[in-house]
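Architecture at a glance
Spelled out, the chains give:
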Amino acid sequence: MLAIWILKMHKIAFMPIALLWAMGSMPAVGKTDAATAAPVTLQDLVGTRTLDSVTISPDSRLAAFRVITPSLKNNSVTVQWFWVELRGSHMAAVPLGRPSLPLRQPMFDTILDGQAQWAPDGKSLYVQTLRGNSVTINRIAPKGGDEVALSDSADIETFRILPGERQAEIGVRASRIAIDQAAAQERRDGLHIDRSVSLEGSRLTGNFLIGHRWSTMRYVGQGNSAREAFSGELRQKLVPLRGIFKRAPMTASPTGTQFNPVLSGAGKGDADRTISIASGKLTARLVQTAPPGKFLLEPTYQVVAQLPDGSERACSETFCFTHSAALRSVSWNPRERELVIAHEADYSTWTALYGWKPESGTTRVIRAADGSLDGGSTYSNRPCSAQGAYLLCIHAGPTSPPRLVRIDTTTGETVTLFDPNPVLRRRQFNPARFVTWRSAGGDNFTGFLVTPRHQNGPVPLVITSYRCRGLLRGGFTSLAPEQMLAQRGMAALCVNHNNSVGMTATPDGKLQTLAPHLAAIAGYKAIIDQLAAEKLIDPTRVGLAGHSFTSMVGAYALSHTDLFKTVVIGTGITIDPATMMFIDPARHGWNTGLLDVLNVPHPLDDKDGRWKAISPALNAEKIKGSLLIQTPENEYLSALQLFSAIQHAGGASDLYIYPNEGHLITREPVHQLSRMRRSIDWFDFWLLDHTSDNAANAADIAHWKKLKRELPAPKPHGT
């Protein structure tokens, strides 16, 4: 899972940043009328409600969606379905059924999209539901209507209600009893270590919570995907529906799919990349113009339309001829006879809507970017939904919490249909500015800069990473919130990593060693130099908050450059040899594919000292700055070599491990709060020489003072 950056990082000429500010072409976003509002707090950010899984009713009258609610009070995360009228009446969103628990992706702990199917009459929904120890399909409706419609001795992974609503096709694996019996047998016989067993830090058995049931997750296949041990392959079966809801009459479209189809560059397979327009006389598709690269460099696509006379026309504009992650969605506006393209340049998370009329070839800007527009699912790349000339999207910006909006793609008008965060929206945010720049190597980067409200002269800078989608809460995993840093007197820059940099294979079919990491560091250096030249930041007081891929970038930069005075990382790293030696010892283990990406031999075959050249731990004696590691339990072992090496060299390193957490540390809100607060205090201590008056961190501050007193004289870096 430490290689999540390889698998999950989703998916214009650039001027110097000083010129952008002078021209005012990239205005700051934030609350300009909230001078008397209370400043945003850590608790506000942890408790931010998000939305996902938008689905439109068969009669196109309603949009249903889920609200995901973290609760610090209960230390829990719940999901609740709602629906709201599409046509802009002022009727409040209506809750459906009762709250339940989210299903999560094993090892990573991302919340999976909700599965839902409308009843034919549009008055209720069938949804996948996790309560207690089992996953069922419930039929939910307003006023608390919530009953089990489908259940099985196994958890139900997929479902499809068949016409007539009398039976359904469900996808299941082994029963929960069979899984428990197999697990008990393994405990008696002993656990065989092979490539399926995670050895990064989580318990070997009982390491994943499904509802209130502890299960064991194991890797499957050749990648790093995982599922419940002993669950077997997915199989389909027909089962009858049950329940007391009045049966609805059969309609022509029982699955509620009368809304417009949507193309997405992030789809899987050719079937996801062709749509027939409503009249059936015009077809749009994404044509692959370059295949994916060996090292998961994303393919490129071009939007092409087949016209009613059978001829084809391709759109050659940048927004419809680009890599797959940039093409967030392609839909049809029948009113304008126009394809609507949601586009994000250079992994910017900054979504603009463009129109292209295939029959005339004309293009226009429908809606300029002011945040992210998507289906609300950060990790699945779910696009907006379309209905007629409308897009139904989750909108969120660097200082704008998530909300459900309806966008008229004829006029660009945006209407809020539901806001789950009204109190947070009224908080005072420091303005955030969208910035673009280019590294010395010519690579494009984007990000959002937040500065102190009252700044006099250069201030310390903290770079957060590696994706800045929606409301800024500290980078990809809410590690060091930008607003809190600005409140403490530091500038904060969230940087979107450009997935394409450093990922091109050399003629011999390999990557330059650490090419993506070095490209990211070059991007950081370029913006640090630029901001320092603008007298906005002090280049001798710069920190980095990194997670996953940028944990490795931060560790390497700390041990091989003088760029950062301090670094906070949220995971272990895979560029120290212990990762290959101990946590992935089996032949052909899931992690060994990283050797090709890193372009290094296995540590036992390293006759030329390649690992010594790149490993942060093997260069710990050169580290001048301080390092805080705040890692989930299921991968802490890959952080130990670096932590131990810095300790042994007399440097300043500190390590905290969050129990029962996966890669993204999203299960327990109290863990997120603790992690955020400690990161902010750490940067405050090492960059500003401040100590917080928060009694909860008194022990931390005392320990850090001791670390600082004991620091040895630093040795020069080799680079």
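These figures come from a predicted structure and were not determined experimentally. The residue count restarts for each chain, going from 1 along the sequence in the order it is written. Where totals are concerned, whole chains, interfaces and linings use all residues; where local detail is concerned, this predicted model gives features only for residues with pLDDT of at least 70, and gives and counts side-chain atom pairs only at 80 or more. Calculated side-chain values reflect all of the structure's heavy atoms, with hydrogen atoms and water omitted.

1. Overview of empty space enclosed by the protein
Only protein atoms enter the 1 Å grid, on which a cavity is a set of points fitting a 1.4 Å probe that cannot get out and a pocket is an open set with protein on both sides within 12 Å along at least 5 of 7 lines, lining residues being those with an atom within 4 Å of a point. Grid points are joined across faces, edges and corners, and a volume is the space filled by probe spheres set on the points. Its volume calculated, the second largest cavity comes out at about 80 Å³. Considering the residues around the second largest cavity, the lining is formed by 13 residues, among which Arg-66, Leu-101, Pro-102, Leu-103 and Gln-128 are closest to the centre. Strands here are runs of E lasting at least two residues and helices are runs of H or I lasting at least four, both read from the DSSP assignment and numbered beginning at the N terminus. With three residues, the single largest contributor to the lining of the second largest cavity is strand 7 (residues 125–131). Note on residue categories: nonpolar means Ala, Val, Leu, Ile, Met, Phe, Trp, Tyr, Cys or Pro, charged means Asp, Glu, Lys or Arg, and polar means any other residue, Gly included. Looking at the lining of the second largest cavity residue by residue, the class counts come to six nonpolar, five polar and two charged.

2. Observations concerning the sheet that holds strand 16 (residues 235–240)
Whether two strands pair comes down to DSSP finding at least two bridges between them. Taken together, the three strands give an open sheet; going across it, the order is 10-11-16, and neighbouring strands pair in antiparallel fashion. With one partner strand each, in any of the chains shown, strand 10 (156–161) and strand 16 form the two edges of the open sheet. Taking the axes of each pair of neighbouring strands and ignoring which way they run, one obtains an average angle of 25° across the sheet. Sheet topology note: the strand 10/strand 11 (residues 167–172) ladder contains five bridges and is antiparallel. Each residue of the ladder has a partner; that of Ile-161, found in strand 11, is Ala-168. Only the contacting stretch of a helix is used when fitting its axis, a line to C-alpha atoms as for every element, and angles between N-to-C directions run 0 to 180 degrees.

3. Brief notes about the sheet that holds strand 7
Strand order in the open sheet made by the four strands is 6-7-8-9, with antiparallel pairing throughout. Sheet topology places strand 6 (116–118) and strand 9 (146–150) at the edges, where each strand pairs with a single neighbour. Strand-to-strand, the axes of this sheet are offset by a mean angle of 40°, without reference to chain direction. Pairing between strand 6 and strand 7: three bridges, direction antiparallel. When the sheet's bridge partners are listed, Gln-117 is paired in strand 7 with Tyr-126.

4. Considerations on the packing of aromatic side chains
Note on aromatic contacts: the rings of Phe and Tyr and the six-membered ring of Trp form a pair at centre separations within 6.5 Å, being stacked when their planes are under 30 degrees apart, edge-to-face when over 60 apart, and tilted otherwise. The tally for this structure, following the rule as stated, stands at 15 aromatic pairs. On the numbers, 5.9 Å between centres and 55° between planes, the contact of Phe-685 with Trp-704 is tilted. One end of the pair, Phe-685, is in helix 13 (residues 669–688); the other, Trp-704, is in helix 14 (residues 698–709), and 19 residues separate them in sequence. Overall, the relative accessible area of 4% leaves Phe-685 in the buried class. Trp-704 gets classed as buried once you look at its relative accessible area, which sits at 0%. Counting every residue linked through ring pairs, the aromatic cluster contains Trp-682, Phe-685, Trp-686 and Trp-704. Criterion for a charge above a ring: Lys NZ or Arg CZ within 6 Å of the ring centre, and within 35 degrees of the ring normal. Here the basic side chain of Arg-667 rests over the ring of Phe-208, its NZ or CZ set 4.9 Å away from the ring centre. Burial classification: accessible surface area is computed with a 1.4 Å probe over protein chains only, and a residue below 20% of its type maximum counts as buried, one above 50% as exposed, and the rest as partly exposed.

5. Looking at the state of the cysteines
Two cysteine sulfur atoms form a disulfide, by the criterion used here, when they sit within 2.5 Å. Considering all chains together, one arrives at three disulfides under this definition. Disulfide pairing places Cys-384 opposite Cys-393 at an S-S distance of 2.1 Å. The sign of the S-S torsion, about 120°, decides the handedness of the disulfide formed by Cys-384 and Cys-393: right-handed. Overall, Cys-384 belongs to the buried group, its relative accessible area being 4%. Here Cys-393 falls in the buried class, since its relative accessible area comes to 0%. Each disulfide pairs two cysteine sulfurs, and for Cys-468 the partner residue is Cys-494, the sulfurs being separated by 2.1 Å. The chirality of the disulfide connecting Cys-468 with Cys-494 is left-handed, given an S-S dihedral of about -100°. Within this pair, whereas Cys-468 is found in the loop between strand 33 (459–464) and helix 6 (482–487), its partner Cys-494 is found in strand 34 (residues 491–496), the two being separated by 26 residues in sequence. Each member of the pair, Cys-468 together with Cys-494, is buried. By sequence order of its bonded cysteines, the chain has the disulfide arrangement 1-2, 3-4, 5-6.

6. Description of helix 7 (residues 515–533)
Multiplying 1.5 Å by the helix residue count minus one yields the expected span of that helix. If you check helix 7, its first and last C-alpha atoms are 27 Å apart, about what 19 residues at 1.5 Å a residue would give, namely 27 Å. Turning to helix 7, its buried residues number three or more, namely Ala-515, Pro-516, His-517, Ala-519, Ala-520, Ile-521, Gly-523, Tyr-524, Ile-527, Ile-528, Leu-531 and Ala-532.

7. Section: the pattern of salt bridges
Once their charged atoms are close, side chains differing in charge can pair, the charge on each being opposite to the other. Whenever a carboxyl oxygen of Asp or Glu lies within 4 Å of a side-chain nitrogen of Lys or Arg, that contact is scored as a salt bridge. All told, the structure shown has 34 salt bridges when counted by the stated rule. One salt bridge in this structure joins Glu-359 and Arg-337, with 2.9 Å as the shortest N-O distance. Of the two residues, Glu-359 is situated in the loop between strand 24 (352–356) and strand 25 (363–367) and Arg-337 in the loop between strand 22 (327–333) and strand 23 (338–343); the sequence distance between them amounts to 22 residues. The closest approach of N and O atoms between Arg-541 and Asp-538, which form a salt bridge, is 2.9 Å. Residue classification places Arg-541 among the partly exposed positions, given a relative accessible area of 23%. Each of Asp-155, Arg-176, Arg-213 and Glu-228 takes part in salt bridges that share partners, so that together they form one network.

8. Regarding the environment of Gly-543
As for its position among the elements, Gly-543 is in strand 35 (residues 537–546). In this structure, the C-alpha to C-alpha distance between Gly-543 and Val-567, residues 24 residues apart in sequence, is 5.4 Å. Those residues in contact with Gly-543 that lie beyond four places of it in its chain are Leu-461, Val-462, Ile-463, Phe-564, Thr-566, Phe-683 and Leu-687. In this analysis, two residues are considered to be in contact whenever any of their non-hydrogen atoms come within 4.5 Å of each other.

9. Topic: the packing of helix 13 against helix 14
Closest axis-to-axis distance for the helix 13/helix 14 pair is 11 Å, and the angle between their directions is 40°. Between helix 13 and helix 14 lies a crossing of right-handed hand. For the pair formed by helix 13 and helix 14, the contact residues are Arg-678, Asp-681, Trp-682, Phe-685 and Trp-686 on the first element and Asp-700, Ile-701, Trp-704, Lys-705 and Lys-708 on the second. It is the rotation of the near helix from the far one that decides the hand of a crossing: anticlockwise by less than a right angle makes it left-handed, clockwise makes it right-handed.

10. Describing the environment of Pro-603
Here Pro-603 lies in the loop between helix 10 (594–598) and helix 11 (610–614). The buried category is assigned to Pro-603, whose relative accessible area is 18%. Sequence separation between Pro-603 and Thr-579 is 24 residues; the distance between their C-alpha atoms is 9.6 Å. Non-local contacts of Pro-603, meaning those with residues more than four positions away in its chain, are made with Pro-577, Met-580, Met-581 and Trp-611.

11. Thoughts on the nonpolar core
Across soluble globular proteins, nonpolar side chains have a tendency to be buried as a group. The definition of a nonpolar core used throughout is a set of buried Ala, Val, Leu, Ile, Met, Phe, Trp, Tyr and Cys residues joined through side-chain atoms within 4.5 Å. Leu-461 and Phe-564 are the most contacted members of the largest nonpolar core, which has 53 residues in total. Considering each element in turn, this core owes the most residues, eight residues, to helix 7. In contact with Phe-564, other than residues within four places in its own chain, are Ile-463, Tyr-524, Ile-528, Val-542, Gly-543, Leu-544, Ala-557 and Leu-558. Membership of the second largest hydrophobic core comes to 30 residues, among which are Leu-42, Leu-479, Met-490 and Leu-687.

12. Quick word on the confidence of the model for the chain
Averaged over every residue, the pLDDT of the chain is 88; the share at 70 or more is 88%. Scored below 50 in pLDDT, residues 1–26 shows 90 contacts in the model against residues more than four places distant or in partner chains. Per residue, pLDDT measures the predictor's confidence, with a range of 0 to 100. For residues 247–259, every residue scores under 50 in pLDDT, and the model assigns this stretch 27 contacts once sequence neighbours within four places are set aside.

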